[in-house]
Structure formats: C-alpha cells, structure tokens
Amino acid sequence: MRKTPRLVAAATAVSLALVASACGGGDDTTSSATDKPTGNATLWVRDSQKGFINLLTDAYNKSHEGKIQTTVIPAPSFVQKFGTAAQTGAGPDIASIDLVYLPFFASKGVLDDLTEVQNQLTWKDALSPAHKKLAEYEGKVYALPFTAEASMIFYNKDLFKKAGLDPEKPPTTFAEMLNAARKIRALGKDHYGFTMAGQCGGCNVFEVAPHIWASKGNILSEDGKTAQFNSQEVTDVLTFYRQMWTEGLMPSNAKTDNGSIQGTTFQGGKTGMVTLGAFYVQTLMADKKIDFGVTPIMGKDGGTASFAGGDEIAVTKSAKNKAVAYDFVKWATSEEAQTILAKNSIVPVRTDLIDKIYAPLDPRYKPLGDAMSTGQTPYSVVENGIINDNNGPWATLINQAVFGTGDIKAAQETANKAAQAIIDKG
C-alpha cells in the first residue's frame, strides 16, 4: 500500500509482451456479469496484503453463494507475473493492483470495463477521487477503489518538547520545518531533525511530491503526457531538502536508504520527523516507545497535500466467473468490507466512512483519512519507468539534487528530458 519499496518490477518487459498480444474476451465458458453470482472466482494479491486479505475473503465467502479463492504473489514479481498471465488469458478473475499501474494495464486491454459496475454503487461519488481518476482510461472505468494509503509527516512529540517546540503546533511551512529540524539537531550529535529514503523513487513520489503539490506545482501534466520535473516548485522542494542535508539535519543513512530503514530510524527515538503512510500509525502504536503526532505535508509557504496510494480491484478481460467477480469488487467497497480494512490500519477508499469507521479508532487516523478526499496520484501509463524505477529519472533527480553536487537546475533539466523521452516512447 505504501508507495514502495514495492514493485519496482519489470513493467517494461510486461509492456512488450502485452503490446505483442493484448488479451481478448473470455471463451464460451466464461460467465457473464448478469449470471447469478455462484461458483468460485480467483483473486490475485501481493504478499503485502496477506495480513488482511483472508479476513476479507472469509467474510465474503460466509455471506455469499459465490466464493473467492485467493492466491498470494510475492510483491516484487506481481506486475510481471500478472501481466504475463493476463496477456495469455491464464490470469485470475480478479486482481488487486497498485493504483499507479492501472493506466498501464488498462491501456493494454487486459482489464474488463467496470463503468456500469461503478455506476451501480449508490456511494460512487464518495469513492477516493485519485483512485477513480487512475482507474479511467479513454472514458471508461477499469477498476474500483479497494484499499487506500495517505502520506503524512510523523513527528516525535517528546523531542519537540525537549527542543523547546510546541508539540501541538507542528510545522506548516518549509521555514517552520527547517527551524524545528535545527532545534532537534541541537539536542546532540546523535539527534537529527528529519530522515528520508534517498534511494527510493517510489518512496519519494509518496513523500516528496506532496510538498510540490501543496506549493501549487506538479511533476506531470494532468494527462501524464508532459514531464514537469523542471518547474520552480520542484526547485524549491529540492532546495529545501538539500538544505536539510547540507546542514547535517539528516542522518548519513538517508542518502542510501531504499525505504527499508527510515521507519526504524524514527523509532529509535532520536529523529524528530519522518514522512510515511497510514500503515505506520499501527507500527508506532504497537511499538509503544514514542509519543508521536501526525501532520499534513506542507507547501513552501503553507497549504497541504498527500499522495493517495493503495490498490484498485479489477476484473480481468478473460475472467471465467464474471458474475462472482463483479459481485466481489462491488462488495469490496461496501461499509462491511471497508470496516474490516479500517480495523487493519487500511484507510477506507470511501470518504463518507472516514468519521464513522476509521477516525474513531485513533485520533491520529483522522488527518490520514481526510487526506484521501484531496490526495493526488500522478497519472501515467509509464509510471514505473519515470518514477518508480530506482534508476529512473525521478529517483536520479532526488538523489543528485539533494545529495549530489548541488546543481539542482541542471539535475532537473536532465531528469525532465529523460522522463519526457520515456513518456514519448510510451
């Protein structure tokens, strides 16, 4: 759910296979959406979902005539495995897919049109706007929102107090965040104001891009066809992060972190702030070592934004049991299903349920839930190549601009040209 370190998989290889042979419709044995939902339907999910998926499918299976059979796929191989299987018609009936890959798979013709399925939902207008946007391709809907994730700044209230900062007034601008980081660093050589995953493209679209959005900038055009890595808003954010690095406000491991240690670094109790997702609330609550607060990711001079992450749930074009598949994907957005997810630290994809089933679990869930109504996600059919790939333009830009020579503008121009070349190639 978090926007990595997740599938930095071989989406390029999958793309070649799908271009060669996009999957067609099902054969004569395939049930239609109007059939009674009975029998078995298959579902593929990533192993990152194994903590809750059986709870969800068990609840459905106990209350419905149709049954869901789940296969858990290792996260690093999910995109390629699903893409290859769907292309040959050997894939599952249903798939839970990281929302950033929806435009890619929809463009390759392997997903079923769910426009009418979504229209049947009385709560369709309350579904996460970002999820709905990424599920659309050429005017049709190819998935329904399933699980959600939001990015926020977590801060150590005890360190704020020790540094003379008000723990109930977290920073709301770059200047305020820089001031807080400096004061926490001043507590001692083993204390740091902030940490990040400097070697993780997916992490940094989840964690850094919201600063750009909150500053009224962007990294891609609305249709995903124009790279905007060289905008002034991107310059401002990279300059801000580089300042924290050059002033020694981040630990040295931030430069090489691939997303695996920033959370544990914060849990060590000597780092003031870190940007992560809703899943981290549950981690910190279980750890019970830190009195933490949660605050929105801010823009240069104010404003807030969040990355809307998570999964969409789709029916494959070659699904053998579409009746059960359609029934399950609709049920997955119901209050019953979303409550099960909420109790397992998953942000509901329905904005109308945040205050009812999610925020009451812990007050720190409230801002994460609220962020889903305004959360953003870049729309691109080549997202993996330009953003998620740790050797791609976005990850390279972050690493060079923040930790490199300091020529931020040059790094931006190089990254923007590389990103645009990937977009143009498709």
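Conventions and cut-offs
Residues numbered from 1 in each chain as written. Predicted model: local features only at pLDDT ≥ 70, side-chain atom pairs only at ≥ 80, totals over all residues. Heavy atoms only, no water. Helix = DSSP H or I, 4+ residues; strand = E, 2+ residues; numbered from the N terminus. Rg over C-alpha atoms; globule rule 2.2 N^0.38 Å. Contact = heavy atoms within 4.5 Å. Areas by Shrake-Rupley, 256 points an atom, 1.4 Å probe, with all protein chains shown as cover. Salt bridge = Lys/Arg side-chain N within 4 Å of Asp/Glu carboxyl O. Buried < 20%, exposed > 50% of the residue type's maximum accessible area, 1.4 Å probe, protein only. Polar contact = N/O pair within 3.5 Å; in protein donor to acceptor, adjacent residues only side chain to side chain. Disulfide = S-S within 2.5 Å. Phe/Tyr/Trp six-rings, centres within 6.5 Å; stacked < 30°, edge-to-face > 60°. Lys NZ or Arg CZ within 6 Å of the ring centre and 35° of its normal. Axes fitted to C-alpha atoms, helices over the stretch in contact; angles between N-to-C directions. Parallel < 35°, antiparallel > 145°, perpendicular 65-115°, else oblique. Left-handed = near helix turned anticlockwise from the far one by under 90°. Nonpolar A, V, L, I, M, F, W, Y, C, P; charged D, E, K, R; others polar. Core = buried A, V, L, I, M, F, W, Y, C linked by side-chain atoms within 4.5 Å. Pairing = 2+ DSSP bridges. Expected span 1.5 Å × (residues − 1). Arc of directions from axis to C-beta. pLDDT = per-residue confidence, 0-100.

Chemist: Looking at this structure, I do not really get the overall build of the chain. What am I missing?
Modeler: The helix and strand tally for the chain stands at 20 helices and 12 strands. The C-alpha radius of gyration of the chain comes to 21 Å, within 12% of the 22 Å expected for a compact globule of 426 residues. Its C-alpha atoms give the chain principal-axis dimensions of roughly 70 × 45 × 30 Å. Looking at the chain alone, contacts between residues at least 24 apart form 79% of all its contacts between residues at least 6 apart. For the chain, the accessible area works out to roughly 16,000 Å², and carbon and sulfur atoms hold 50% of it.

Chemist: Sorry if this is basic, but what is going on with the environment of Thr-115 here?
Modeler: For Thr-115, the position within the fold is in helix α5 (residues 115-119). Ignoring any residue separated from it by four or fewer positions in sequence, one finds Thr-115 in contact with Lys-140 and Val-141.

Chemist: Would you explain the pattern of salt bridges in this entry?
Modeler: A side chain with one charge can pair with a side chain of the opposite charge if their charged atoms come near. In total, this model carries 14 salt bridges according to the counting rule given. The partner of Glu-247 in a salt bridge is Arg-182, with the nearest N and O atoms 2.8 Å apart. Here the residue Glu-247 occupies a position in the loop between α11 (232-246) and α12 (262-267), and Arg-182 occupies one in helix α8 (residues 174-185), the gap between them amounting to 65 residues. Relative accessible area serves as the criterion here: at 36%, Arg-182 is assigned to the partly exposed category. When salt bridges that share partners are traced, they join Asp-355, Lys-366 and Asp-370 into one network.

Chemist: Help me out: how do you make sense of the side chain of Gln-412 in this one?
Modeler: Within the fold, Gln-412 resides in helix α20 (residues 408-425). Gln-412 sits in the buried class, given a relative accessible area of 0%. One polar contact links the side chain of Gln-412 to the main-chain carbonyl oxygen of Ser-231, over a distance of 3.1 Å. Here Thr-235 takes part through its side chain, which lies 2.6 Å from a polar atom of the side chain of Gln-412. Other than its neighbours up to four places away in sequence, Gln-412 contacts Phe-229, Asn-230, Ser-231, Val-234, Thr-235, Leu-238 and Leu-397.

Chemist: It is not clear to me how the state of the cysteines should be interpreted in this structure. Could you clarify?
Modeler: In protein chemistry, a disulfide is the covalent bond that joins the sulfur atoms of two cysteines. Scanning all chains against the criterion turns up one disulfide. Across a sulfur-sulfur distance of 2.2 Å, Cys-200 and Cys-203 are joined as a disulfide pair. Residues Cys-200 and Cys-203 are joined by a disulfide whose S-S torsion is about 70°; by sign, that bridge is right-handed. Overall, the relative accessible area of 1% leaves Cys-200 in the buried class.

Chemist: Where do I start with the packing of aromatic side chains in this structure?
Modeler: The geometry of an aromatic ring pair is captured by the separation of the ring centres together with the interplanar angle, meaning the angle of the planes. Under the criterion given, the structure shown has 20 aromatic pairs. A ring pair is formed by Phe-82 and Phe-105, whose centres lie 5.1 Å apart and whose planes are at 80°; its orientation type is edge-to-face. With a gap of 23 residues between them, Phe-82 in helix α3 (residues 78-88) and Phe-105 in helix α4 (residues 102-107) connect regions that are remote in the sequence. Across this residue pair, the class does not change: Phe-82 and Phe-105 are buried. One aromatic cluster in this structure is built from Trp-44, Phe-78, Phe-82, Phe-104 and Phe-105. In this arrangement the basic side chain of Arg-364 is found over the ring face of Phe-292, its NZ or CZ atom lying 3.8 Å from the centre.

Chemist: Could you clarify how one ought to interpret the packing of α11 against helix α19 (residues 393-403) in this entry?
Modeler: Each packed pair of helices is defined by two parameters, the angle between the axes and the distance between the axes. Remark: α11 packs on α19, axes separated minimally by 8 Å, with the N-to-C direction vectors making an angle of 55°. Taken together, the axes of α11 and α19 lie oblique to each other. α11 and α19 meet at a crossing whose hand is right-handed. For the pair α11 and α19, contact is made by Val-234, Leu-238, Tyr-241, Arg-242 and Trp-245 and by Leu-397, Ile-398, Ala-401, Val-402 and Phe-403, respectively. Its residues placed into classes, the contact of α11 with α19 shows nine nonpolar, no polar and one charged.

Chemist: Is there a simple way to explain the nonpolar core in this structure?
Modeler: A general trend in soluble globular proteins is that nonpolar side chains are found buried together. Membership of the largest hydrophobic core comes to 78 residues, with the highest contact counts inside it found for Ile-97, Ile-219 and Tyr-241. Once residues lying within four places of it in the same chain are set aside, the contact partners of Ile-97 are Arg-46, Phe-78, Phe-82, Leu-102, Phe-105, Leu-111, Gly-310, Asp-311, Glu-312 and Ala-314. Core analysis: the second largest hydrophobic core is formed by 57 residues, Leu-276, Phe-328, Trp-331 and Ala-342 among them.

Chemist: Looking at this structure, how should I read the pairing of strand β3 (residues 94-98)?
Modeler: Within a regular strand, the side chains alternate between the two sheet faces. Counting buried residues along β3, five of its five residues qualify, which places the element largely inside the surrounding structure. The alternating pattern of β3 places Ile-94, Ser-96 and Asp-98 and Ala-95 and Ile-97 on opposite faces, both of which are buried. Here strand β1 (residues 39-46) runs beside β3; their pairing, made up of two bridges, is parallel. Each bridged residue has a counterpart across the sheet, and for Leu-43 the counterpart in β3 is Ile-94. Where β3 lies against strand β12 (residues 308-315), five bridges are found, and the strand directions are antiparallel.

Chemist: Which parts of the structure should I look at to understand α8?
Modeler: What sets the pattern is the α-helix's 3.6 residues per turn: residues three or four places apart point alike. Its 12 residues place the ends of α8 16 Å apart at the C-alpha level, agreeing with the 16 Å of an ideal helix rising 1.5 Å per residue. Buried residues of α8: Phe-174, Met-177, Leu-178, Ala-180, Ala-181 and Ile-184, and no others. Buried residues in α8, looked at end-on, bunch into an arc of 160°, giving them a common side.

Chemist: Quick question: what am I supposed to make of α20 here?
Modeler: Between its first and last C-alpha atoms α20 spans 26 Å; for 18 residues at 1.5 Å apiece the expected length is 26 Å, and the two agree. Against α11, α18 (383-388) and α19 lie the buried residues of α20. With its phi angle positive at about 75°, Gly-426 sits one or two positions after the end of α20.

Chemist: What's the story with the confidence of the model for the chain in this structure? I'm lost.
Modeler: As a note on interpretation, predicted positions should not be read in detail where pLDDT is low. Mean pLDDT over the chain works out to 92, with 92% of the residues at or above the 70 mark. Here residues 1-30 is modelled with pLDDT under 50, and outside its nearest four sequence neighbours on either side it reaches 92 contacts, counting other chains as well.

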